[in-house]
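Overview (structure and organization)
Listed below are the residues making up each chain.
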Amino acid sequence: MPTRLALHHFESDPNLEQRDGVNLAHTEINRLLEATPHPGLDTRFHDFPRLLGDPDYARDTLENADCVLANVGPHAHYYHYLRDRLGLDFRIVRDIKTGLWSSYLLQEALCAPYLRPGDALLATSNYSRVLTRHLFPHLRGRSIYLFEPVLAAPCQRHPAAVDCPRSGDVVTLGYVGRLSEDKNFPQVVDLLVALDRQESGKYRLVACGAVHSASCDPEAIAARIAAETGRTDLFEYLPPIAYDQVIGIMRRFDYLLFFSTSNLEVLGRVLIEAAHAAVPVLAADHAAASELLAPSSLLDVTYELDRPFYAHFDAPMGHIDIGKAASRIRGREVPDAPPVPQVNRLDGFIDVLRNRREPESDLGLASLNPAQQQFVGRLRWEGLTRYGSTQDAGVVIEEMLEWFCALNGKGAADFHARLEQLEALSRFKERTRRFMAASSRTRCDFTNLGGIDIELCNVAGYHPRFRLSD
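Rules behind the numbers
Within each chain, residue numbers correspond to sequence positions counted from 1 in written order. Note on the predicted model: pLDDT of at least 70 is required for a residue's local features to be given, and 80 or more for side-chain atom pairs to be given and counted; whole-chain, interface and lining totals, by contrast, use all residues. With hydrogens and water stripped out, all remaining heavy atoms of the structure feed into the side-chain values. Two strands make a pair as long as DSSP finds a minimum of two bridges between them. For helices the rule is a DSSP run of H or I covering at least 4 residues; for strands it is a run of E covering at least 2, with both sets numbered from the N terminus onward. Helix axes are fitted only over the stretch in contact, all axes being lines through C-alpha atoms; the angle between N-to-C directions runs from 0 to 180 degrees. We call two residues in contact when some of their heavy atoms are within 4.5 Å. Note on classification: 1.4 Å probe, protein chains only; a residue is buried when its accessible area is under 20% of the maximum for its type, exposed when over 50%, partly exposed between these limits. Throughout, the term roughly parallel applies to angles under 35 degrees, roughly antiparallel to angles over 145, roughly perpendicular to angles from 65 to 115, and oblique to all others. Crossings are assigned a handedness: left-handed for a near helix turned anticlockwise from the far helix by less than a right angle, right-handed for a clockwise turn. Gly falls in the polar group here, along with every residue not listed as nonpolar (Ala, Val, Leu, Ile, Met, Phe, Trp, Tyr, Cys, Pro) or charged (Asp, Glu, Lys, Arg). By this rule the span expected of a helix is its residue count minus one, scaled by 1.5 Å. For this analysis, a ring pair means two rings from Phe, Tyr or Trp (six-membered ring only for Trp) whose centres lie within 6.5 Å, classed as stacked if their planes differ by under 30 degrees, edge-to-face if by over 60, and tilted for the remaining angles. Two thresholds decide whether a charge sits over a ring: the Lys NZ or Arg CZ must be within 6 Å of the ring centre and within 35 degrees of the ring normal. Confidence scores per residue from the predictor, reported as pLDDT, run from 0 to 100. The salt bridge criterion pairs a side-chain nitrogen of Lys or Arg with a carboxyl oxygen of Asp or Glu, the two atoms within 4 Å. Only buried residues count toward a nonpolar core, which is a set of Ala, Val, Leu, Ile, Met, Phe, Trp, Tyr and Cys residues joined through side-chain atoms within 4.5 Å.

**Examining the sheet that holds strand S6 (residues 144-146)**
Read from one edge of the open sheet, six strands run S2-S1-S3-S4-S5-S6, paired in parallel fashion. Two strands close off the open sheet at either side, each with one partner strand: strand S2 (41-46) and S6. Within the sheet, the average angular offset between the axes of one strand and its neighbour, ignoring direction, is 25°. Pairing between strand S5 (residues 120-123) and S6: three bridges, direction parallel. Each bridged residue has a counterpart across the sheet, and for Ala123 the counterpart in S6 is Leu146. Against the sheet, helix H4 (residues 77-86) touches strand S1 (3-8), S2, strand S3 (67-69) and strand S4 (91-96), its axis set at about 160° to S4. Docked against the sheet, helix H13 (residues 346-353) engages S1, S2, S3, S4, S5 and S6, running at close to 135° with respect to S4.

Now the structure itself:
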């Protein structure tokens, strides 16, 4: 008998200025489950916001499900709450898509008292799996499976060696992703300037992505490069492009640079994409980079110790050595071929949904490389709230649910008054004001990950803070 699977039909807001890897993953999961029938699965899509606002629709939708896939960003706790409140019996497969980030941490804290046998958690990397268990002891002994849909169609993999430079005498350095401080894009610019001082006119930088930090504005970057090198032909900016065009852009590059030391990082989709595009990569040895790249691609990270970070914000937690990166590029070093990624395994994903997957071994910190082990071991937390019972968690979820229904899609008649209340509640008012401003030009729905979900952390009074101990 097939497993009756229920999930939301995820569609991103086309008006969003950026749609990150989480949006891509949820959209791709829909495509994988919708386009091709999978033996053993009876897949039925529903409307998640309506589910939260219409109890009759929720019951009709969920009462015959065997498994619910929480394909809705950091909002899985609502499914757990509904299952308990409606007295239903189905498994829930949820995911965690970021690292030290308030909304996913809150989701996991709220789900904890509601978990039942058969519920499963999906992680995007082994680093994410170990980090999540480290932060939430109730998950030790529970299986956390790996899955992330990246480039589901077969593509050519990275060969053992690539001629470099591939574009002639000029070496093209490439960057794809958010132009932001947490991704250390300013260090990419530092590298270009350092290389030009050593070999003038021999290097170019092409950066493609949404502008996330004011310091990374392309006009300001171009002006800075011109001022420091005396040249205006070293930098090219490309606005965000469609996902299916990424590989073509990457094939212009001689090196892809991924210097991110973001607290959000748990994978790095571009590293897998670069492997398919046969582009050599130089990356910070941070988060899951060592799982996706050969050691010869990795650059050591110097972390900022004893500096407090709020998980409410993205931030760079360290930096790479620009001199060493420049030396590798000037020497035209080509890293070894990367390993086959472990997360793009559709058959294993289907087995999790059908509850046919064997429990995975919990190897803990021992399964990480030394840099990952040291990072996780240094973490110290404040304000990582635990909810000991469904009653405690339910009170918080009910209040958040009311706000979700009011804000999502500008759903309340008093929407603008709600925004003013939200600003008054907020611990970080400047960020909330940015959310309020964005609501005027977008659908203001939950597909704006890092929008409604983060603001609901203010409603819950959830503001964890962390540091790396010395």
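**Details of helix H5 (residues 102-111)**
Counting buried residues along H5, 10 of its 10 residues qualify, which places the element largely inside the surrounding structure. Among the residues of H5, Ser102, Ser103, Tyr104, Leu105, Leu106, Gln107, Glu108, Ala109, Leu110 and Cys111 are the ones counted as buried.

**Concerning the packing of H5 against helix H18 (residues 452-460)**
Two elements in contact, H5 and H18, have axes separated by 8 Å at closest approach and are oriented at 55°. Classed by the angle they form, the pair H5 and H18 counts as oblique. Of the two elements, H5 crosses H18, and the hand of that crossing is left-handed. Residues Ser102, Ser103 and Leu106 of H5 touch H18, and the partners they reach there are Asp453, Ile454, Cys457 and Ala460. For the contact of H5 with H18, a count of residues per class yields four nonpolar, two polar and one charged.

**Focus on helix H1 (residues 21-35)**
Over its 15 residues, H1 extends 20 Å from the first C-alpha to the last, a length consistent with the 21 Å expected when each residue adds 1.5 Å. Those residues of H1 that fall on the buried side of the exposure criterion are Val22, Asn23, Ala25, His26, Glu28, Ile29, Asn30, Leu32 and Leu33.

**Concerning the packing of aromatic side chains**
In the structure shown here, the tally under the stated rule is 15 aromatic pairs. An aromatic cluster is present here, built from Phe10, Phe48, Tyr78, Tyr79, Phe404 and Phe446 joined pairwise through their rings. When the ring centre of Phe90 is taken as origin, the NZ or CZ atom of Arg83, which lies over that ring, is 5.9 Å away. The ring of Trp403 is capped by Arg418, whose NZ or CZ atom sits 4.8 Å from the centre of that ring.

**Things to note about the side chain of Glu108**
Tracing the chain through its elements places Glu108 in helix H5. On the accessibility criterion, Glu108 (0% relative accessible area) is buried. Among all residues touching Glu108, those that are not within four sequence positions of it are Arg94, Leu121, Thr132, Phe136, His138 and Leu139.

**Description of the packing of helix H15 (residues 390-407) against helix H16 (residues 415-425)**
Axis separation between H15 and H16 bottoms out at 10 Å; the angle between their running directions is 135°. In terms of orientation, H15 and H16 fall into the oblique class. With respect to the hand of their crossing, H15 and H16 are arranged in left-handed fashion. Of H16, the residues touching H15 (which contributes Glu402, Trp403, Ala406 and Leu407) are Phe415, Arg418, Leu419, Gln421, Leu422 and Leu425. Of the residues that constitute the contact of H15 with H16, the class distribution is seven nonpolar, one polar and two charged.

**Remarks on the sheet that holds strand S14 (residues 309-310)**
Ordered in space as S14-S17-S16, the three strands form an open sheet in which the pairing is antiparallel. Whereas interior strands pair on both sides, the edge strands pair on one side only; in this sheet they are S14 and strand S16 (379-382). Here S14 pairs with strand S17 (residues 465-468) via two bridges, running antiparallel. Within the sheet, the bridge partner assigned to Tyr310 lies in S17 and is Arg465. Contacts from helix H14 (residues 370-378) reach S16 and S17, with the element oriented near 30° to S16.

**Points about the confidence of the model for the protein chain**
Scored by pLDDT, the protein chain comes out at a mean of 93, with 96% of its residues at no less than 70. A low-confidence stretch, residues 153-162 stays under pLDDT 50, and its non-local contacts, those more than four residues away or across chains, total 22 contacts.

**Some remarks on the pattern of salt bridges**
Going through the model one piece at a time under the given rule, you end up with 28 salt bridges. The salt bridge involving Lys97 is made with Glu148; its shortest N-O contact spans 2.6 Å. With Lys97 in the loop between S4 and H5 and Glu148 in the loop between S6 and strand S7 (171-176), the pair connects residues that are 51 residues apart, well separated along the chain. Pair check on accessibility: Lys97 and Glu148 agree, each one buried. Residue Glu360 pairs with Arg133 through a salt bridge whose shortest N-O separation is 2.5 Å. Of this pair, Glu360 sits in the loop between H13 and H14 while Arg133 sits in helix H6 (residues 126-135), and the two are 227 residues apart along the sequence. Overall, Arg133 belongs to the buried group, its relative accessible area being 5%. Taken together, the salt bridges that share partners define one network made up of Arg129, Arg133, Glu360 and Asp362.

**Description of the nonpolar core**
Counting residues in hydrophobic clusters, the biggest one holds 139 residues, and the most contacted among them are Phe185, Met250 and Ile329. Residue contributions to this core peak at eight residues, all from H15. If we ignore the near neighbours within four places in the chain, the residues touching Ile329 are Val171, Leu173, Leu191, Leu195, Tyr203, Tyr255, Leu257 and Leu282. Leu41, Val93, Ala120 and Tyr145 belong to the second largest nonpolar core, which has 17 residues in total.

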